[in-house]
Amino acid sequence: MWWTPVGEPWNFPGVGDPSSGNWIDVGDADEEILAMTAHGNQVWIYKERSIHRLVGDPAENDPELVTAAYAPAGPWAICEGVDVDYFANTGGVYAFNGDQVRILSDLVQPVFRDMHNTGSIPLDAGAAAKMALGFSQDLLYVSYPEAGNTANTATLVYNVRKGEWFQDSRAFTVFHSEGPRREMTGGLASGSIVGIGDGLTDAGTAIFFEWQSPYLDMGLPGNEKVVEDLRIEYLSPAALTVKIYTEDGTETTLGTLPIAASRSAKIFRLGTDGKGLRSA
């Protein structure tokens, strides 16, 4: 890692001459640096297989390894948030506070675990280096290549304040923001640059909403379970079509939720003749 003297951002003394100049080793020589972010008197350094931290003046201090268990998938798969950084790889989406890594993508893990269904197509692990992240105004955008693609084709959005995930219909190659509270732009594969979060409607396009039950084994792994009912509480100015996707890839339309101006609820019976869905 090379650095400049204070107040001289153009001055990299000794570049090209390892025997002199302002440079310092960061981790293994065969592991490239993907990105660096500045936080007060700290610099967080992201490499291909590890994360390092430099505290204070690099002329007096060496970078220290924070973790070799996590790293971003590529140079655009990381962005700065408010007091944290966000990054993504084939295992999920994470937040890093300078000391610890915390996973954020529990509710959308089928995307990262190759649990394919017609609702969400999983990440193509071979092209994960193309992943791009951007953060602005409490929203974290995660663009990724779906299975069988070599470029980003889908985008998930995480509301960090509410802890909720939703989808954006566009796919971005890169994001840019002047800060976590400023407006953000995104680059599309077509070469266009668009403003993000500057509209209020979906332009009449249907929005796909997906929910995965957190009761993965209901506390009884290896035992057959039967789920008979699905109860949905909702409020919607338009009628909603409800479908269920099971792990074997089957898609079943359960019915419709009518318009509801106030909070309402409806129960759907599952399985043939309401006999329930069986699974181990």
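Treat the numbers as computed from the prediction; the structure is a model and nothing was measured. (Residues numbered from 1 in each chain as written. Predicted model: local features only at pLDDT ≥ 70, side-chain atom pairs only at ≥ 80, totals over all residues. Heavy atoms only, no water.)

## Section: the overall build of the protein
Reasoning step 1: Counting its regular elements, the protein contains 0 helices and 21 strands.
Reasoning step 2: Taken over 280 residues, the protein has a buried fraction of 36%.
Reasoning step 3: Within the protein, contacts between residues separated by at least 24 positions form 40% of all contacts whose residues are at least 6 apart in sequence.
Reasoning step 4: When the accessible surface of the protein is split by element, carbon and sulfur atoms take 51% of a total near 16700 Å². (Helix = DSSP H or I, 4+ residues; strand = E, 2+ residues; numbered from the N terminus. Buried < 20%, exposed > 50% of the residue type's maximum accessible area, 1.4 Å probe, protein only. Contact = heavy atoms within 4.5 Å. Areas by Shrake-Rupley, 256 points an atom, 1.4 Å probe, with all protein chains shown as cover.)

## So, the side chain of Asp 124
Reasoning step 1: Take Asp 124: it is sitting in the loop between strand E8 (101-103) and strand E9 (132-136).
Reasoning step 2: Of note is the side chain of Asp 124, whose polar atom sits 3.1 Å from the backbone nitrogen of Gly 126.
Reasoning step 3: Look past the residues within four positions of Asp 124 in its chain and what remains in contact with it is Pro 145, Glu 146, Ala 147, Gly 148 and Asn 149. (Polar contact = N/O pair within 3.5 Å; in protein donor to acceptor, adjacent residues only side chain to side chain.)

## Remarks on the packing of aromatic side chains
Reasoning step 1: Scanning the model with the defined rule gives 10 aromatic pairs in all.
Reasoning step 2: Judged by centre distance (5.2 Å) and plane angle (70°), the ring pair of Trp 44 and Phe 96 falls under edge-to-face. Of the two residues, Trp 44 is situated in strand E2 (residues 42-47) and Phe 96 in strand E7 (residues 92-96); the sequence distance between them amounts to 52 residues. Both residues of the pair, Trp 44 and Phe 96, count as buried.
Reasoning step 3: Ring centres 5.2 Å apart and planes at 25° place the aromatic pair Phe 87 and Tyr 94 in the stacked group. No difference in accessibility class separates Phe 87 from Tyr 94, as the two residues are buried.
Reasoning step 4: Put simply, the rings of Trp 44, Tyr 46, Tyr 70, Phe 87, Tyr 94 and Phe 96 pair up and form one aromatic cluster. (Phe/Tyr/Trp six-rings, centres within 6.5 Å; stacked < 30°, edge-to-face > 60°.)

## Digging into the sheet that holds E2
Reasoning step 1: With antiparallel pairing, the 4 strands of this open sheet are ordered in space as E1-E2-E3-E4. Pairing within the sheet leaves two strands with one partner each, and these edge strands are strand E1 (33-39) and strand E4 (64-67). Strand after strand, the sheet turns through a mean of 25° between neighbouring axes, direction not considered.
Reasoning step 2: Summarising the sheet, strand E3 (residues 51-55) and E4 pair through 3 bridges and their orientation is antiparallel. From the neighbouring strand, Arg 53 faces E4, where its bridge partner is Glu 64. (Pairing = 2+ DSSP bridges. Axes fitted to C-alpha atoms, helices over the stretch in contact; angles between N-to-C directions.)

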